[in-house]
Amino acid sequence: MTLQDCALSKVWSGCGVVVSRLSISGLIILSLVLCQVGGCSGEQALSSQRKMNDTSLAYACGSTTKQAEDHPVKIDKSLCVVTALAALSTSGGVNADTKTAQQWYEDGANAVAHSYEQQRLGRGKAKNIILFVGDGMGVSTVTAARILEGQQRGGHGEENLLSFEHFPYTALAKTYNTNQQTPDSAGTMTAMMSGIKTKAGVIGVDSTVIRGDCATLEGAQVATFLEEAEALGLSTGIISTARITHATPAATYAHTIDRNYEDDRDASKFANPELCQDIASQLIAFPYGDGLEVALGGGRRSFLKREEGADPEDGGKGERQDGRDLTQEWLNKYDRSAYVWNKAQFDAIDADDTEHLLGLFNMSHMRYEADRGNDVGGEPSLTEMTEKSINILSKNRKGYFLMVEAGRIDHGHHAGSAYNALTDTIEFSNAVQKAVDMVGDDTLIIVTADHSHVFTIAGYPTRGNPILGKVVQNDASGEPENSLALDNDGLPYTTLGYMNGLGFADLQGETNADARYDETADPGRMDLNGVDTESTGYHQESLVNLGSETHAAEDVVIYATGPGSHLVHGVMEQNVIYHIMRKATGRMLPRRKLSFER
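Residues numbered from 1 in each chain as written. Predicted model: local features only at pLDDT ≥ 70, side-chain atom pairs only at ≥ 80, totals over all residues. Heavy atoms only, no water.

**Student:** Which residues make up the sheet that holds strand 15 (residues 496-501), and what values go with them?
**Tutor:** Strand pairing in a sheet relies on backbone hydrogen bonds. The paired strands run either parallel or antiparallel. Strands sit in the order 14-15-18 across an open sheet of three strands; the sheet is mixed. Only two strands of the sheet have a single neighbouring strand rather than two, namely strand 14 (455-457) and strand 18 (542-545). Mean inter-strand twist for the sheet, computed between neighbouring axes without regard to direction, equals 15°. Both strand 14 and strand 15 contribute to a ladder of three bridges, which runs antiparallel. Across the sheet, Thr456 pairs through a bridge with Gly497, a residue of strand 15. (Pairing = 2+ DSSP bridges. Helix = DSSP H or I, 4+ residues; strand = E, 2+ residues; numbered from the N terminus. Axes fitted to C-alpha atoms, helices over the stretch in contact; angles between N-to-C directions.)

**Student:** Give me the lowdown on the sheet that holds strand 20 (residues 556-561), citing residues and values where you can.
**Tutor:** Spatially, 10 strands are ordered 9-10-8-7-11-5-12-20-6-21 in an open sheet, and the strand pairing comes out mixed. The two strands at the open ends of the sheet, each matched to only one other strand, are strand 9 (337-340) and strand 21 (571-573). Put simply, the sheet's adjacent strands are angled 15° from each other on average, direction ignored. Pairing of strand 7 (residues 235-243) with strand 11 (residues 400-406) involves six bridges; the strand directions are parallel.

**Student:** Quick one: what's the story with the packing of helix 7 (residues 185-194) against helix 16 (residues 576-585), residue by residue and with numbers?
**Tutor:** Two elements in contact, helix 7 and helix 16, have axes whose closest approach is 5 Å; the angle formed by their N-to-C orientations is 25°. Put simply, helix 7 runs roughly parallel to helix 16. Crossing angle aside, the handedness with which helix 7 passes helix 16 is right-handed. When helix 7 is examined against helix 16, the residues Ala191, Met192, Met193 and Ser194 are found in contact with a partner set consisting of Ile577, Tyr578 and Met581. (Parallel < 35°, antiparallel > 145°, perpendicular 65-115°, else oblique. Left-handed = near helix turned anticlockwise from the far one by under 90°. Contact = heavy atoms within 4.5 Å.)

**Student:** An account of the pattern of salt bridges is requested, with residue identities and associated values reported.
**Tutor:** Throughout the structure, instances matching the rule amount to 29 salt bridges. Note that Arg372 and Glu369 form a salt bridge whose closest N and O atoms lie 3.0 Å from each other. Members of the salt-bridge network, linked through shared partners, are Asp264, Asp278, Arg320 and Asp322. (Salt bridge = Lys/Arg side-chain N within 4 Å of Asp/Glu carboxyl O.)

**Student:** Let's hear about the pairing of strand 9: which residues, and what values?
**Tutor:** Because side chains alternate across strand 9, one face comprises the buried residues Ser337 and Tyr339, and the other comprises Ala338 and Val340, equally buried. As paired strands, strand 9 and strand 10 (residues 356-360) are joined by four bridges and run parallel to one another. Across the sheet, the residue bridging to Ala338 is Leu357, located in strand 10. Taken together, strand 9, helix 12 (residues 343-348) and strand 10 form a β-α-β motif whose crossover is right-handed. (Buried < 20%, exposed > 50% of the residue type's maximum accessible area, 1.4 Å probe, protein only. Right-handed = clockwise from strand over helix to strand, strands pointing away.)

**Student:** Provide a residue-level description of helix 6 (residues 139-152), including the pertinent values.
**Tutor:** Counted at 1.5 Å a residue, the expected span for helix 6 with its 14 residues is 20 Å, and the 20 Å between its end C-alpha atoms agrees. Counted residue by residue, helix 6 has 11 buried out of 14 residues, so it is predominantly covered. Inspection of helix 6 places Ser140, Thr141, Val142, Ala144, Ala145, Arg146, Ile147, Leu148, Glu149, Gly150 and Gln151 among the buried residues, and these make up the whole buried set. Looking one or two places after helix 6, you find Gly154, whose phi comes out positive at around 100°. (Expected span 1.5 Å × (residues − 1).)

**Student:** Describe the confidence of the model for the protein, and please don't skip the residues or the numbers.
**Tutor:** For the protein, the mean per-residue pLDDT works out to 85, and 81% of the residues sit at or above 70. Confidence over residues 1-96 falls short of pLDDT 50; this stretch has 184 contacts with residues more than four positions distant or in other chains. (pLDDT = per-residue confidence, 0-100.)

**Student:** Could you give me a rundown of the pairing of strand 11, with the residues and numbers involved?
**Tutor:** Across the seven residues that make up strand 11, a large majority, seven, are buried. Relative to strand 11, strand 5 (residues 128-134) runs parallel, the two being bridged by six bridges. Across the sheet, the residue bridging to Val133 is Glu405, located in strand 11.

Structure, rendered in structure tokens:
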């Protein structure tokens, strides 16, 4: 029996009490009384059926037992109260029937009571920190992905919550760069990792650098949280579905005057390149602690020689012109190390026997989640990479820092594909849930985005209308119309759209959003009669004709749970995330003790 079932059924077996047709408010009062007298001191089995709604709440209440499927979780007094309330204040399942006015009222009151109880949570010091970054995951993306996931489960979708939306603490982050109102990922991730805001396009440096000129690098480097964690003796890891030399993952370990300096073949693009190291080389030469324990993602090309046959998957060339094979250098540098490039090799890795794991699963970015099955060598999912990484990193008794990026949410939006952006967001949510299930109450988990996109949800669709579909509105009585809503030109339109980009495309069953770039731009309004806008290959219309859709400048949400999560509140500058992580650990070294000599 699930906790939610327990709260709404006749028997509460976890507390040994028979509950017969109690009202919601009566159940809450009884919960408080039982916990006061110690009636919930036993163990209750948590079913896999309620993990998505309740696991994060149980975790946040201080459970000392890892919450894998059907594993027992110790229920203390606070958990007894919170789970009773949570069973009533969370989504209630995506198949929830239409609620009465009284139910809406009571759910709102219970949500406030739940929030009040959680005010005491998030205290203490964090042994481990996991930072999840949904690249380009703005508020509209979270909302649309929440609805899509709920509809994929057979419900209306609007009541659904993604895993991290159950976290007790949230805030808004201002994302601008020091020189741009609408930011890029290099400057925003540098803010999160170093505690300072900087220019767009530069990584791990302050705003005194001139972008593209390596002569301005010296003295401008800023220490990152990952470097500080390694210097302290913690284990560290990075995961990305983009290239691991791409802006977001690179900002955890690299320092460069341009995000595009991913390998030595890029050197000719910059001034005084001999004064900089390319990003891939910096990963291998990482000088702090005993080096990164985990690096998983795409970007194999920047680690391989520019010779025919260098790529093990298709026999093609790498990008490196210096004759170095950085994958072999990784193996030579670390004992008990491994390098993998396909899913079979990844699956074969024994976390207990591996201390340093490098995984490069594509020459460029990894596949979109919806397209992952088409990869020749096979790629692990973001959830699988997260699970393997935690298993490796958690062997360190001192703790660990892990950064997990869903990089292709951003790329789906750039290509004007809501389908790919949203399905990657749902997989990102799955990865967060996996982490919540695996860690204990000594781990701070932060989920956020680096920036948003010009992605909109509009049109007055009726409740439960397919989020990827065309708009059907309600009639004057509040019931769904029998036909599609039409604009002033007599054309149907979709709920989702983009302010700019390449615009409409009907690629039907295509699951790779990047195929859009092979087609001509088609902005503006189209006749969508006869077009399946819910297909995997549909690309939404756009207003302004650009070569790709752009980032947006509005704030993004920070979600947090675990020790230190109470520091996440209000409206914050994005660089405050770094300082929250430092404060949560309570043991970071002074920045002056880190050297940037490589």
